[in-house]
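Residue-level structural notes
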Amino acid sequence: MLAAPARLCYQWRRMLPWFQNQFPLYLAPMAGVTDHVFRQLCKEQGADIVVTEFVSAEGILRRNERTSEYLVFSEMERPMGVQLFGADPEHLGEAARAVIDWVKPDFIDLNFGCPVNKVVSKQGGSALLRDCPLLARVATAVVKAAGNVPVTGKIRIGWDAQTINATETARILQDCGVQAVAVHGRTKEQGYSGVADWDVIGEVAAAVQIPVIGNGDISGPLDVECRRAQTEVSGIMIGRAAMSAPWIFRMIKHYLSTGEILPDLPLAEKWAFIQRHARETVAQRGRETPAMHSLRARLMAYSRGMPGGRALRGRLQFVSSLNDLEEIAGHHQQQALEFIEH
Ligand SMILES: Cc1cc2nc3c(=O)[nH]c(=O)nc-3n(C[C@H](O)[C@H](O)[C@H](O)COP(=O)(O)O)c2cc1C
């Protein structure tokens, strides 16, 4: 982790250890993306803190088999959090307790940002941003149930442009005993469109004493430097950019400690990384064909920014085995070489 500027080193009664004199880089929770294998790879590349994808509190209480897969993690991922979503304070409290007894995470993270209809229609995720009394009851119940295990929250800046309330939401969470809040600088209505509003993130960071983690549109070292200078955020969270380039964490750390921008990873190293991701996924899931099918969207993300990306994606969408992937990787590198030579 990187040394934090003095102004960030305020005292907080129960400051999470990874904010003490540090400026942590978080891997954003992403459903279908930030599984056990990917989190480990990001951790190796310099992510300081990782969080599971969102997990349903109701699924935990039903001991749903798929849900238990989301909770698999290894010691090298620590400090790591389990993100829960739901809308029933009592159930969320029970689910937090069950997760803590079950897998002993370093913290529980509460999802107050998911914009997906299936979640919002049941009052979960970002629906709680427009029901602050319920949000407070959820946070209070989980903080109480979690005991000594810290609870953090992840919010959006508001429901829509007319109801931006991130500062109010963050204050409520702080008062309920939540120990850090990640703010994605978009409203629920925006989904993933438009640009993240870092002015609002900055207002939240200036208004609360708990650490605020800024999130939205970070795509490289200069973005981190700029947002850190512009706001009093205590850490940065990276989502989509890490999906295409998990080595972004290493690039950022190198820049912040040396001032030097590393060149992009050579193509051969990218392919070696991607193939390792695939091998480890197959090893973890056990069955090669379904594992490779589940990776197709991930491979598409990796191909972003690569030479001949369109043709490459045309081939990656049919990948069914590690051999297929090896063949595509070899062919693509050969083509890239020929392209350079001509
Ligand atoms: C595919 C995908 C899945 C996501 N799943 C979750 C999730 O499970 N929990 C959550 O809090 N946010 C989720 N998010 C939102 C991200 O954590 C993050 O807030 C958002 O992508 C903005 O950050 P970025 O601009 O760095 O990508 C997801 C985003 C994407 C693209």
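Here's what I pulled together on the structure shown here. Here, residues in each chain are numbered from 1, in the same order as that chain's written sequence. Selection of residues for local features in this predicted model requires a pLDDT of at least 70, selection of side-chain atom pairs for listing and counting requires 80 or more, and totals for whole chains, interfaces and linings are taken over all residues. Think of the side-chain values as coming from all heavy atoms in the structure, minus any hydrogens and water.

**Quick notes on the pattern of salt bridges**
A pairing counts as a salt bridge when a side-chain nitrogen of Lys or Arg comes within 4 Å of a carboxyl oxygen of Asp or Glu. The full count for this structure, using the stated rule, is 14 salt bridges. Glu 69 is the partner of Arg 66 in a salt bridge, and the nearest nitrogen-oxygen pair spans 2.9 Å. Here Arg 66 pairs with Glu 69, and both are found in helix H3 (residues 65-70), just three residues apart, close to one helical turn. Classification of residues uses two cut-offs on accessible area relative to the type maximum, computed with a 1.4 Å probe and protein chains only: under 20% is buried, over 50% is exposed, and between them is partly exposed. By relative accessible area, which is 44% here, Glu 69 ends up partly exposed. For Arg 240, the salt bridge identified is with Asp 217, shortest N-O distance 3.2 Å. In this pair, Arg 240 is assigned in helix H10 (residues 240-244) and Asp 217 in the loop between strand E10 (212-215) and helix H9 (221-230), connecting sequence segments 23 residues apart. Residue classification places Asp 217 among the partly exposed positions, given a relative accessible area of 35%. The structure contains a network of salt bridges with shared partners spanning Glu 44, Arg 276 and Glu 280. Under the scheme used here, helices are H or I runs from DSSP no shorter than 4 residues and strands are E runs no shorter than 2 residues, and both carry numbers assigned from the N terminus.

**Remarks on helix H13 (residues 288-303)**
Helix length check: H13, at 16 residues, gives a terminal C-alpha distance of 21 Å against a target of 22 Å (1.5 Å per residue), a fit within 8%. Bend is the name given here to the angle between axes fitted to two runs of seven residues, the run ending at a residue and the run starting at it. At Arg 296, H13 shows its largest bend, some 45°. Taken together, the buried positions of H13 are Ala 291, Met 292, Leu 295, Arg 298, Leu 299, Met 300, Ala 301, Tyr 302 and Ser 303. Of the residues one or two after H13, Gly 305 is the one with positive phi, at around 85°. The length a helix should cover is 1.5 Å for every residue beyond the first.

Interpretation note: all reported values are geometric properties and have no functional meaning in isolation.
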